[in-house]
Amino acid sequence: MKIEILGTGCPNCKKLEENAKKALEESEKNAEIIKVTSIPEIMSYGIMSTPAIVVDDEVKAYGKVSTVEEIKKMIN
Amino acid sequence: MVDIFYPFQFISDKITYNLLNLVSGTHLADSANFIIYDVLKIFFLLIFMIFIVSYIRSYITVEKTRKLLGGRKGIFFNFIASCVGVVTPFCSCSSVPLFIGFVEAGIPLGVTFSFLITSPLVNEAALAVLWAIFGLRLTLIYLISGIAIGVIGGYVIGLFKMEKHVADFVYDVKLKKLKEQETTQNERVGYAINEVKSIFKKVWIYVIAGVTLGGIFHGFAPEGILAKYAGSSLLGVPIATIIGIPLYSNVMGMIPIIESLVAKGLPIGTALAFLMAVTALSLPEIIILKKVLKKKLIITFVVVTGLAIMFTGYLFNWLI
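Colleague: How would you summarise the overall build of chain B if you had to cite specific residues and measurements?
Modeller: When its secondary structure is counted, chain B shows 16 helices and 0 strands. For chain B, whose C-alpha radius of gyration is 21 Å, the value lies close to the compact-globule estimate of 20 Å for 320 residues. With the C-alpha coordinates of chain B rotated into their principal frame, the extents come out at 70 × 50 × 35 Å. Taking all 320 residues of chain B together, 43% fall into the buried category. In chain B, once contacts between residues fewer than 6 apart in sequence are set aside, the share between residues at least 24 apart is 88%.

The following block contains the structure:
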């Protein structure tokens with residue numbers, strides 16, 4: 001599994017990354033977390049409001065910091 | 001009229017005279033009472049305004065805005081873009097993707113700029129503090145001027161036809177279609193509560209510092225001291241605007257200090273121009289916009305917005 005965190009490095013993006021890590025730990029799954037910070041790349045996903053979370057190339061949520069619980073649902 | 005802020009005066013009195021045991025009528029008691037009252041009032045309005053505006057915002061997504069404004073010309077759409085700017089926060093991390101998204105949707109540059117000017121200039125937190133400190137009338141004046149500056153500024157920038165002064169890569173970006181996320185009522189309320197928490201956490205300390213400094217100035221600076229220097233001079237407005245640009249301070253803390261300066265004779269239009277320059281034109285924002293705008297367009301943006309702010313300053317110095 002591949003999880004991508006899209007955002008230019010604002011505090012919200014860091015929070016989302018932390019939540020993703022926690023969700024992985026709690027659901028005992030292994031996945032690569034990749035940070036995507038380049039703007040053209042972020043936008044190629046169609047994202048305009050950051051941060052966004054992408055699981056296996058599918059945009060799961062954008063413009064908000066998804067909670068640990070929400071991310072758990074995305075990766076299950 | 002019933003003073004809706006009366007309960008805060010009551011609580012403030014209780015804290016000052018009963019809890020802190022300060023003697024009524026002394027300088028210290030008066031100042032403490034004034035500071036506690038103002039802080040309570042600001043905190044209440046901050047929570048109230050951020051909650052309401054964030055809730056409304058959960059309905060106005062960037063995606064919807066793009067659809068609404070794409071390919072539309074005419075000053076009416078500058079107005080719509082400005083109004084969307086009022087409820088949308090201008091956070092440094094989302095401004096660049098937003099700008100590119102607007103351009104990609106075929107939204108004219110002038111309309112995009114109406115949004116870019118009003119968005120940082122008018123935000124619910126600043127409106128809440130203005131309301132608490134300066135009253136509702138001045139807050140509405142600020143709101144209307146903020147929208148007007150965005151509409152006119154964006155319209156004028158649109159007239160210059162500066163499309164080629166946008167960074168080249170912007171035109172190469174293609175956005176994939178994204179399906180709208182579904183949002184439940186619970187999520188909207190949750191979002192609004194989160195916004196209240198996160199903004200409150202960021203500004204509370206500046207509010208207390210600003211009100212305290214303002215309170216001290218109220219107590220110690222002689223009446224009319226500023227009227228003597230800043231009042232009559234025509235240069236007051238441009239100087240205030242130019243000082244305001246590099247000052248990227250927290251405007252929530254700035255407002256109570258500016259109010260104490262107004263009380264000592266700083267003309268209200270000059271004060272407005274200063275606050276607007278602090279919020280609308282800041283160095284960090286200019287640095288971020290540099291990623292997508294070429295030099296000439298950045299300069300045009302700063303000059304046009306700066307002139308609009310100065311005009312507003314003169315207008316209110318003359319009116320009030």
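Having seen it, we continue.
Colleague: An account of helix H6 (residues 109-121) of chain B is needed here, citing residue identities and associated values.
Modeller: An α-helical turn contains 3.6 residues, so any two residues separated by three or four positions project in the same direction. Between its terminal C-alpha atoms H6(B) stretches 18 Å, which fits the 18 Å expected from 13 residues at 1.5 Å a residue. Counting buried residues in H6(B) gives 13 out of 13 residues, a clear majority hidden from the surface.

Colleague: Which residues make up the interface of chain A and chain B, and what values go with them?
Modeller: The interface of chain A with chain B comprises 17 residues on the first partner and 17 residues on the second. Every element with two or more residues in the side of chain A that touches chain B is listed here: helix H2 (39-44) and strand S4 (58-62) of chain A. Broken down by element, the residue count for the side of chain A that touches chain B peaks at 5 residues, all from H2(A). A class-by-class count of the residues in the side of chain A that touches chain B yields 10 nonpolar, 6 polar and 1 charged.

Colleague: Describe the pairing of strand S3 (residues 52-55) of chain A, listing the residues and the values that go with them.
Modeller: Within a regular beta strand, the side chains point alternately toward one face of the sheet and then the other, so they alternate between its two faces. All names here are of chain A. Here strand S1 (residues 2-6) runs beside S3; their pairing, made up of 4 bridges, is antiparallel. By the bridge assignment, Ile5 is partnered in S3 with Ile53. Taking the residues that link successive antiparallel strands as the turn, the S3-S4 hairpin has 2 residues, and the phi of Asp56 there is positive, at about 45°.

Colleague: A description of helix H8 (residues 136-159) of chain B should follow, citing residues and the corresponding values.
Modeller: Spanning 24 residues, H8(B) covers 35 Å between terminal C-alpha atoms, matching the ideal 34 Å at 1.5 Å per step. B:Lys161 sits one or two positions beyond H8(B) and adopts a positive phi of about 50°.

Colleague: I'd like a description of the sheet that holds strand S2 (residues 32-36) of chain A, backed by residues and values.
Modeller: Each strand in a sheet pairs with its neighbour through backbone hydrogen bonds, running either in the same direction (parallel) or in the opposite one (antiparallel). All names here are of chain A. Across the sheet, 4 strands lie side by side as S2-S1-S3-S4; this open sheet has mixed pairing. Each edge of the sheet is formed by a strand with only one pairing partner; in this case those strands are S2 and S4. When strand polarity is set aside, the average angle formed by the axes of neighbouring strands in this sheet is 20°. Relative to S2, S1 runs parallel, the two being bridged by 5 bridges.

Colleague: Break down the packing of helix H1 (residues 6-19) of chain B against helix H2 (residues 27-57) of chain B for me, with residues and values.
Modeller: Residue and element names in this part refer to chain B. With their axes 9 Å apart at the nearest point, H1 and H2 run at an angle of 140° to one another. It follows from the interaxial angle that H1 and H2 lie oblique. Note that H1 runs across H2; the crossing there is right-handed. Packed against H1, whose contacting residues are Phe8, Gln9, Ile11, Ser12, Asp13, Ile15 and Thr16, the element H2 presents Ala29, Ala32, Asn33, Ile36, Tyr37, Leu40, Lys41 and Phe44 at the interface. Of the residues assigned to the contact of H1 with H2, the class counts are 9 nonpolar, 4 polar and 2 charged.

Calculation notes
Residues numbered from 1 in each chain as written. Chains lettered and ligands numbered in written order. Predicted model: local features only at pLDDT ≥ 70, side-chain atom pairs only at ≥ 80, totals over all residues. Helix = DSSP H or I, 4+ residues; strand = E, 2+ residues; numbered from the N terminus. Rg over C-alpha atoms; globule rule 2.2 N^0.38 Å. Buried ≥ 20, exposed ≤ 12 C-beta atoms within 10 Å, placed from the backbone. Contact = placed C-beta atoms within 7 Å. Expected span 1.5 Å × (residues − 1). Nonpolar A, V, L, I, M, F, W, Y, C, P; charged D, E, K, R; others polar. Pairing = 2+ DSSP bridges. Axes fitted to C-alpha atoms, helices over the stretch in contact; angles between N-to-C directions. Parallel < 35°, antiparallel > 145°, perpendicular 65-115°, else oblique. Left-handed = near helix turned anticlockwise from the far one by under 90°.

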